[in-house]
Amino acid sequence: MAKKRAQAYTEEFRKEAVKRAEKPGVTTASVARELGVSAQQIYNWRRQFNRLSDKQFNSLDGVDYSKQESAEVRKLKKELQEARQEVKFLKKAAAYFANHQE
């Protein structure tokens, strides 16, 4: 039996669904029926928006763009660590040569 492919919704659609479900006097279930999604899906989107920043919640057509940003952050953290080690070494070298020049 083949698995059914999950429907990919745009970020704008998801944000609008969450906004509509949060309006006073409107239930999440009614918004879900109106949009043709499950109420649980709207709860999941709400939880994601509340937990993650707008920049992190960037997926469109099933592609999670935050992974690319995460890779860049890891690369930059590695470069920062290497730079700190170089600075530490240079400070020691400068102190060594300052003491032995006299």
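Up top is the structure these notes are about.
These figures come from a predicted structure and were not determined experimentally. (Residues numbered from 1 in each chain as written. Predicted model: local features only at pLDDT ≥ 70, side-chain atom pairs only at ≥ 80, totals over all residues. Heavy atoms only, no water.)

Undergrad: How would you summarise the packing of helix H1 (residues 11-21) against helix H2 (residues 28-35) if you had to cite specific residues and measurements?
TA: Any two packed helices are characterised by how steeply their axes cross, that is the angle between the axes, and by the distance between the axes. At their nearest, the axes of H1 and H2 sit 8 Å apart, and the two run at 140° to each other. As the angle between them shows, H1 and H2 are arranged oblique. For the pair H1 and H2, the crossing hand works out as right-handed. Residues Phe-13, Ala-17, Arg-20 and Ala-21 of H1 form the contact with H2, whose participating residues are Thr-28, Val-31, Glu-34 and Leu-35. The residue inventory of the contact of H1 with H2, partitioned by class, reads five nonpolar, one polar and two charged. (Axes fitted to C-alpha atoms, helices over the stretch in contact; angles between N-to-C directions. Helix = DSSP H or I, 4+ residues; strand = E, 2+ residues; numbered from the N terminus. Parallel < 35°, antiparallel > 145°, perpendicular 65-115°, else oblique. Left-handed = near helix turned anticlockwise from the far one by under 90°. Contact = heavy atoms within 4.5 Å. Nonpolar A, V, L, I, M, F, W, Y, C, P; charged D, E, K, R; others polar.)

Undergrad: For the packing of aromatic side chains, give the residues involved together with the corresponding values.
TA: Considering all chains together, one arrives at four aromatic pairs under this definition. With centroids separated by 4.9 Å and ring planes inclined at 15°, the aromatic side chains of Tyr-9 and Phe-13 adopt a geometry described as stacked. Ring geometry for Tyr-9 and Trp-45: centres 5.4 Å apart, planes at 75°, overall edge-to-face. Within this pair, whereas Tyr-9 is found in the segment before H1, its partner Trp-45 is found in helix H3 (residues 39-51), the two being separated by 36 residues in sequence. Taken together, Tyr-9, Phe-13 and Trp-45 form an aromatic cluster joined through their ring pairs. (Phe/Tyr/Trp six-rings, centres within 6.5 Å; stacked < 30°, edge-to-face > 60°.)

These figures capture arrangement, not role.
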